[in-house]
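# Fold and geometry: a report
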Amino acid sequence: PMYSGEPLRRAKLIGEGQSFMSSILPSGMRAVAVQIAADTSAGGFILPNDFVDVIMTRRSTDDTTGAAGFVTETILQNIRVLAIDQAIQEDEEGRRVRVGDTATLELTPQQAEIITVAQQMADRLALSLRSIVDTQEVVDDQANYLVSGQGRRGTVRVIRSGEVTEVGARK
């Protein structure tokens, strides 16, 4: 940060060969881009420095009945948005609107692995905007099972023809 009246010092500037994003990224954190659309990002109201939950939706087949359906789950919670790319487009009525296609999220290395796997598994990833009051909430439950393959809450991961499903473990 720079303050009004503060002298300009070399230490406050981004050096040659350094990018703005890497200079604002806290130590130990990673910046990961996620593809979004207005309908998957709170109608386009998510902005840099907002906090979001990442929701994954994927197809699932019930092994007992063979019925196809969808599974939706929150895989990451309370994630800071570093940037949203914005492009000016014209809508049907000729108005110019700003639409983002990519959100860059601040993640730990483990969360970066989780979201990378989720992007491969998911039919769709959505960002759910959190209230500013909820950003102080401490979140421990992460979707480590996506990377570790150890399942969760008594489930077993089954991979058939590239499709990953979770089924309840029989006792």
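The present account deals with the structure reproduced in this document. These numbers come from a predicted model, not from an experiment.

## Side note on the overall build of the protein
A count of helices and strands for the protein gives 3 helices and 9 strands. Each helix and strand of the protein, placed in order from N terminus to C terminus, yields the pattern α-β-β-β-β-β-β-α-β-α-β-β. Taking all contacts inside the protein whose residues are at least 6 apart in sequence as the whole, residues at least 24 apart take part in 63%. Within the structure as shown, the protein displays about 11400 Å² of accessible surface, and the carbon and sulfur contribution to it stands at 50%.

## Points about unusual backbone geometry
Of note, Asn49 is a non-glycine position whose phi angle comes to about 75 degrees, a positive value. Located in the positive-phi region is Asn78, a residue other than glycine, with phi close to 55 degrees. Structurally, the position occupied by Asn78 is in strand 3 (residues 68–84).

## Quick word on the pairing of strand 3
Examined bridge by bridge, strand 2 (residues 51–61) and strand 3 share 10 bridges and lie antiparallel to one another. Bridge pairing in strand 3 places Thr61 opposite Ala68. The pairing of strand 3 with strand 6 (residues 102–107) spans 4 bridges and is classified as antiparallel. Paired with Val81 across the two strands is Leu105, which belongs to strand 6.

## Description of helix 2 (residues 109–121)
Look at helix 2: 19 Å from first C-alpha to last across 13 residues, which is about the 18 Å you get at 1.5 Å a residue. Of the residues making up helix 2, those classed as buried are Gln111, Ala112, Ile114, Ile115, Ala118 and Met121.

## Points about a nonpolar patch on the surface
Taken together, the side chains of Met2, Leu8 and Leu13 make up a nonpolar region of the molecular surface, amounting to roughly 320 Å² of accessible area. When you line up the elements, Leu8 lands in the segment before helix 1 (20–24). Since its relative accessible area comes to 63%, Leu8 is described here as exposed.

## Here's the deal with the sheet that holds strand 7 (residues 124–129)
One open sheet holds the 5 strands; their spatial order is 1-6-3-2-7, and the pairing between them is antiparallel. At either margin of the open sheet sits one strand with a lone partner, and together these are strand 1 (30–35) and strand 7. When the angles between neighbouring strand axes are averaged without regard to direction, this sheet yields 40 degrees. In this fold helix 2 packs onto strand 1, strand 2, strand 3, strand 6 and strand 7, with an angle of close to 20 degrees to the strand it touches most, strand 1.

## Some points on the environment of Ser23
Of note, Ser23 is situated in helix 1. For Ser23 and Leu13, which are 10 residues apart along the polypeptide, the C-alpha to C-alpha distance reads 9.5 Å.

## Let's talk about the side chain of Glu106
You can see Glu106 is positioned in strand 6. Engagement of the side chain of Glu106 in a polar contact is seen with the side chain of Arg80, the distance being 2.7 Å. Apart from the residues lying within four places of it in its own chain, the contact partners of Glu106 are Leu25, Pro26, Met29, Arg30, Ile79, Arg80, Leu82 and Gln111.

## Thoughts on the pattern of salt bridges
Counted by the stated rule, this structure contains 4 salt bridges. Taking the shortest distance from any N to any O, the salt bridge between Asp53 and Arg130 comes out at 2.6 Å. On the criterion of sequence distance, the pair formed by Asp53 in strand 2 and Arg130 in the loop between strand 7 and helix 3 (145–148) is long-range, its members being 77 residues apart. Just as Asp53 is buried, Arg130 falls in that class too.

Thresholds, definitions, all that
Residues numbered from 1 in each chain as written. Predicted model: local features only at pLDDT ≥ 70, side-chain atom pairs only at ≥ 80, totals over all residues. Heavy atoms only, no water. Helix = DSSP H or I, 4+ residues; strand = E, 2+ residues; numbered from the N terminus. Contact = heavy atoms within 4.5 Å. Areas by Shrake-Rupley, 256 points an atom, 1.4 Å probe, with all protein chains shown as cover. Pairing = 2+ DSSP bridges. Expected span 1.5 Å × (residues − 1). Buried < 20%, exposed > 50% of the residue type's maximum accessible area, 1.4 Å probe, protein only. Patch = residues over 30% accessible without salt bridge, like charges linked within 9 Å, V, L, I, M, F, W, Y side chains within 5 Å. Salt bridge = Lys/Arg side-chain N within 4 Å of Asp/Glu carboxyl O. Axes fitted to C-alpha atoms, helices over the stretch in contact; angles between N-to-C directions. Polar contact = N/O pair within 3.5 Å; in protein donor to acceptor, adjacent residues only side chain to side chain.

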